[in-house]
Amino acid sequence: MTNLIRFLILSFISSGLILSSFACTGTDELAVTPEPVDSVAAEPDMNERYERAQSLLSWNLSDKVFRMSVNPEWVSDQLFWYSVRTRNGTEYMLVDVARQTRSSLMDQEALAEALTAETENDIDPYSLPLNQVEYHQEQNSIEFSYDGFRWEFDLVDSRLEKKSELLSAPANSVMSPDGSKAAFIRDHNLWVMDMHSGEETQLTEDGIEFYGYATDSQGWTTSDRPVLKWSHDSSKISTYRLDERNVEIMHLLRTRDQRPELVSWPYAIPGDEYVPMHERVIIHVENGDVVFLDAEPDHQRTSNCCGLRRGAEWGDNEWSPDNEILAYVSTSRDYREVTLRIADATTGEVRDVYHERAETFFESNLTSRGVPNWRVLHGSNEFIWFTRKSQWGHLYLHDLETGELKNQITDGDWNVVDVLAVDEELRKIWFTTAGMDPDYDPYHEHLYSVNFDGSDLQHITQHEGNHTVWLSPGQSYLVNTFSDFVTPSTTVVRGADGQVVMTIEEADVADLMETAWTEPVPFVAKARDGQTDIYGLMYLPSDFDPEKSYPIVNNIYPGPQIGSVGTRNFSFARRGQTHALAELGFVVVQIDATGTPLRSKDFHTKWYGDMSDNGLEDQISAMRQLAQEYPFIDLARAGMYGHSGGGFATASAMFNHPDFFKVGVASAGNMDNRGYTFYWGEKYQGPYETREDGSSTFTNQALQYQVDGLEGKLLISYGTMDANVHPNTTLLLIDALIDHNKDFDLMVMPNRGHGYANEAYKLRRTWDYFVEHLKGVTPPREFDLSR
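Computed from a prediction, not measured in an experiment: that's the story for all the values here.

Student: What exactly am I supposed to notice about the overall build of the protein here?
Tutor: The secondary structure content of the protein amounts to 12 helices and 48 strands. Dimensions of the protein, computed from the C-alpha atoms along their principal axes, are close to 75 × 70 × 65 Å. The buried share among the 787 residues of the protein stands at 60%. If you take every contact in the protein between residues at least 6 apart in sequence, the share linking residues at least 24 apart comes to 60%. A total accessible area of about 31700 Å² is found for the protein, and carbon and sulfur atoms account for 44% of it. Mean positive and mean negative side-chain charge positions of the protein (64 and 123 charges, respectively) differ by 4 Å.

Dropping the structure here:
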């Protein structure tokens, strides 16, 4: 099926390339919407289409792909093991790079048989319930946790030994690096449990409601798990006391029998006088000392999007090798100013090292939840700093005492993405990039290395594609998985010079290709300015016929922290279940317009100050160019759908571009960022300021003031327990639509939070809406996607 689609598409591309850049130099000549194609063949039975579409939902394709990804665990600089999903199930492999051998880590059937005998549980050899696996090279054994015990399995004679009983860590705890302690919150205070004895120790004593320690209460997201950073030796904890005593309260009503339940919590919104503040502390676990840092409270910020954690740890915190010094970055409320600080863990003394101000918003990493790209080098008394002050995200070397710039390390019209390793002795950095090579997709990530002085820049992953890498402890080797939209993944081991030492996995997608799944079609178009390249994907039905006419639907997530397309890897399921919707007889597109990351700073901040822009003019420009290139696209039948920020963008499209978008499905949208979390709006819209006429700097993005433009069909939905994007912003929009006597459709999801986008009922209603109102066909009644 995929080869047929590719053949048909290639026939429409004059250059003969899948990735095609359109010749358009502007959007003015594209302003006229082309007439729809008249010849539309008879529709096959819609029930059959729905059944095929259902088979393409991500959870129905997960058992069709194998050997796609690995998760290597390095044992030494030349030895690692990993697990991989195969046709048998999960298999464990051991790779000796020096000997270039790849073998089974263990006799899985023998281990399953032994575990079954010891526990009387029926253990599947290819679904082994192993946790916290450790490989011991000298003993030629593995250790793992299962069923409340620690076990050791001898890999030579397949002997299983029960080592010790495991203590259960408290719920929502954070384990220390050596595994000896678990930190947790009880009654607003921080505690630790000794994982050997079970003894619990209270570390703080004065925490109270709304003024507790390590509290994860960010308004848009909350949890009972503490936010903290352990020192390397597990002796100290960097955390904070969170002051939200005066933060205003948000409310939701949980639907129950007879009477609803009120749920309330602190939630700051743009312009609030009182917002959550961090009083930073360092806790000495052994003696119980709680050292408050000698600095003003910090805003509840990290120096890049999104949230406080990076993995399991508090971001923007870095311990010195001797665990005596804490480096951290303070970020201002508006995200424009950042300061690198050094704190003495014993005295609490704090020294400001470096300060930077951005005109819009600062980013220390351009990916969502990426680890901030600054590093303090205590041995050489220097630090590495990431900034976009030159339009592009690059690395700079500074003096740690004075903060002064020593030299720029990287330079050019491309971005550093992630700093993966730094060797102070070799004075060398390993990092990933995007956009380095003009011949490659600018979003594809590649691994490079460079010296601290900017010399000897080396491209290590020289295959085209998007690269994920795992460096060995000494950076002598790396495991590298690479793929692209249409090429399944290959996993290799490379040497430090980038040469492939051995191939360890190649994705098996034969079963996927036997389904109705088809490859997406990558394309390049011009943004609204007629000059800037923007990139996207087009999805077609498996029975695609270029002689037919197809409605076009745009699946949008406008950013600013990510874009619509998502991962650049080969994937059987992309954002918004696009393959499934296309199978119903649509052309579906995803486009990363301006306002999304991993391009220049001006590209990313294009609509800073007017979030309702959402890059929509770029989306329209690209869709018009696609229709010029492909006559099977009927622009007279254009729709859009999205969730969260995508719901916001969809509603904005329906209100502000009614001549183009005829049908929209907008779910869980932050329809007015004045009522969404203050961190989001004040970062991407700007500081909240009231004008003399009573309006504010946020008025222009509030969609309830834009509803008069609605002409098409709009389906709005929200979850009544959405604690991220509060339903109030959608209700304000609904009220305005009623006031303006506008027809619209509404779907309320009782007791759902923010993450209902892929719920079967919501998906089916989305399909029905486009089939009925954009395709003009009656959908099957109450088709059950949950079966």
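Student: Would you explain the side chain of T410 in this entry?
Tutor: Tracing the chain through its elements places T410 in the loop between strand 32 (405-408) and strand 33 (415-423). Accessibility expressed as a relative area gives 4% for T410, which makes it buried. Of the polar contacts made by the side chain of T410, one reaches the side chain of H394; its length is 2.8 Å. At 3.0 Å, the side chain of T410 forms a polar contact with the backbone nitrogen of L395. With residues up to four places along the chain from it excluded, the contact list for T410 reads H394, L395, V416, F431 and V450.

Student: I keep staring at the sheet that holds strand 12 (residues 200-202) and nothing clicks. Help me out?
Tutor: The strands making up a sheet associate through hydrogen bonds between their backbones, and the pairing can be parallel or antiparallel. Strand order in the open sheet formed by 4 strands is 9-10-11-12, and the pairing between neighbours is antiparallel. Edge positions in the sheet fall to strand 9 (174-175) and strand 12, since each of these pairs with one other strand and no more. Strand direction decides the pairing type here: strand 10 (residues 181-186) and strand 11 (residues 189-194), joined by 6 bridges, are antiparallel. Its bridge partner being in strand 11, I185 is matched across the sheet by L190.

Student: Explain the pairing of strand 6 (residues 141-146) to me, please; I cannot follow it from the model alone.
Tutor: For a regular strand, side-chain orientation follows a simple rule: the groups alternate between the two sheet faces. Here strand 6 lies mainly inside the structure; 6 of its 6 residues are buried. With burial as the criterion, each face of strand 6 is covered, one bearing S141, E143 and S145 and the other bearing I142, F144 and Y146. Strand direction decides the pairing type here: strand 5 (residues 131-136) and strand 6, joined by 4 bridges, are antiparallel. For E134, the partnering residue across the bridge sits in strand 6 and is E143. With 6 bridges connecting them, strand 6 and strand 7 (residues 149-154) associate as antiparallel partners. Following the sheet pairing, E143 is matched in strand 7 by E152.

Student: Please explain the state of the cysteines as it appears in this structure.
Tutor: Between two cysteines, a covalent bond joining their sulfur atoms is known as a disulfide. Under the defined criterion, the tally for this structure stands at 1 disulfide. Paired through a disulfide, C305 and C306 show a sulfur-sulfur distance of 1.5 Å. Every disulfide takes its handedness from the sign of the S-S torsion; for C305 and C306 that torsion is 60°, giving right-handed. Exposure remark for C306: the relative accessible area of 5% places this residue in the buried category.

Student: Could you clarify how one ought to interpret unusual backbone geometry in this entry?
Tutor: Following C305, the chain continues to C306 via a peptide bond in cis, the omega torsion being 5°. Within the secondary structure, C306 is located in the loop between strand 22 (298-299) and strand 23 (309-310). Of note in this structure, Q100 is not a glycine but carries a positive phi near 55°. For Q100, the position within the fold is in the loop between strand 3 (90-96) and strand 4 (101-104). Although it is not a glycine, L598 sits at a positive phi angle of roughly 75°. Secondary-structure assignment places L598 in the loop between strand 44 (587-592) and helix 7 (601-604).

Student: In this structure, what is going on with the environment of L457? I would like to understand it.
Tutor: In this structure, L457 sits in the loop between strand 35 (445-451) and strand 36 (458-459). When its relative accessible area of 39% is taken as the criterion, L457 is described as partly exposed. Taking the C-alpha atoms as reference points, L457 and T410, 47 residues apart in sequence, are found 8.6 Å from one another. Excluding residues within four positions of it along the chain, L457 makes contact with F431, M436, Y448, S449 and V450.

Student: Honestly, the pairing of strand 19 (residues 261-266) in this entry has me stumped. Any pointers?
Tutor: Looking at chain direction, strand 18 (residues 249-254) and strand 19 are connected through 6 bridges and run antiparallel. In the sheet register, L252 faces strand 19, and the bridge partner there is V263. What sits between strand 18 and strand 19 in their antiparallel hairpin is a turn of 6 residues, with Q258 showing a positive phi close to 70°.

Student: I tried to follow the environment of K163 on my own but got confused; where do I start?
Tutor: Within the secondary structure layout, K163 lies in strand 8 (residues 160-165). Looking at K163, the relative accessible area reads 41%, which means it is partly exposed. Filtering out sequence-adjacent residues up to four positions away, K163 remains in contact with E143, R150, W151 and E152.

Student: Whenever I open this one, the pattern of salt bridges confuses me. Can you help?
Tutor: Working definition: two side chains of opposite charge can pair if their charged atoms are close together. In total, this model carries 41 salt bridges according to the counting rule given. Between E134 and R150 there is a salt bridge, and its shortest N-O distance comes to 3.7 Å. On the criterion of sequence distance, the pair formed by E134 in strand 5 and R150 in strand 7 is long-range, its members being 16 residues apart. Across the salt bridge formed by R528 and D618, the nearest N and O atoms sit 3.0 Å from each other. Here R528 is found in the loop between strand 41 (521-526) and strand 42 (533-539), whereas its partner D618 is found in helix 8 (residues 616-629), with 90 residues between them in sequence.

Student: What exactly am I supposed to notice about the side chain of D618 here?
Tutor: Accessibility expressed as a relative area gives 0% for D618, which makes it buried. The residues touching D618, leaving out its near neighbours within four places in the chain, are A527, R528, I534, A593 and T594.

Student: Help me understand helix 11 (residues 728-739), please; the structure alone is not making it clear to me.
Tutor: Because each turn of an α-helix spans 3.6 residues, side chains separated by three or four positions in sequence point in the same direction. Its 12 residues give helix 11 an end-to-end C-alpha distance of 16 Å, which sits within 8% of 16 Å, the value for a rise of 1.5 Å per residue. Check the buried side of helix 11 and you find it contacts helix 9 (645-656), strand 47 (713-719) and strand 48 (745-749). Immediately beyond the C-terminal end of helix 11, within one or two residues, lies N741, with a positive phi of roughly 55°.

Student: Would you mind showing me how to read the nonpolar core here?
Tutor: Within the largest apolar cluster, 84 residues are counted, with the highest numbers of intra-cluster contacts made by M538, I633 and F655. L61, V65, L581 and V588 belong to the second-largest nonpolar core, a separate cluster that totals 46 residues.

The rules behind these values
- Here the residue index of a chain counts from 1 through its sequence in written order.
- Thresholds applied to this predicted model are a pLDDT of at least 70 for local features of residues and 80 or more for the giving and counting of side-chain atom pairs; totals over whole chains, interfaces and linings are not thresholded and use all residues.
- Only heavy atoms go into the side-chain values, all of them from the structure, while hydrogens and water stay out.
- Secondary structure is summarised from DSSP: a helix means a run of H or I of at least four residues, a strand means a run of E of at least two, and numbering begins at the N terminus for each.
- Exposure classes here rest on a 1.4 Å probe applied to the protein chains alone. A residue is buried below 20% of its type maximum, exposed above 50%, and partly exposed in between.
- By the convention used here, residues are in contact when the closest approach between their heavy atoms is within 4.5 Å.
- In this description, accessible areas are obtained by the Shrake-Rupley approach with a 1.4 Å probe, and a residue is regarded as covered only by the protein chains that are shown.
- Lys and Arg are tallied as positive, Asp and Glu as negative. Neither His nor the chain termini are counted.
- Where a charge lies is defined by one atom per residue type: Lys uses NZ, Arg uses CZ, Asp uses CG and Glu uses CD.
- Any pair of nitrogen or oxygen atoms within 3.5 Å is treated as a polar contact; in protein, a donor-acceptor pairing is required on top of that, and neighbouring residues in sequence qualify only through side-chain atoms on both sides.
- Strands qualify as paired when DSSP identifies two bridges or more between them.
- Throughout, a disulfide means two cysteine sulfur atoms within 2.5 Å of one another.
- Salt bridge, as used here: a side-chain nitrogen of Lys or Arg that lies within 4 Å of a carboxyl oxygen of Asp or Glu.
- Working rule for helices: expected span equals 1.5 Å times residues minus one.
- In this text, buried Ala, Val, Leu, Ile, Met, Phe, Trp, Tyr and Cys residues form a nonpolar core when linked through side-chain atoms within 4.5 Å.

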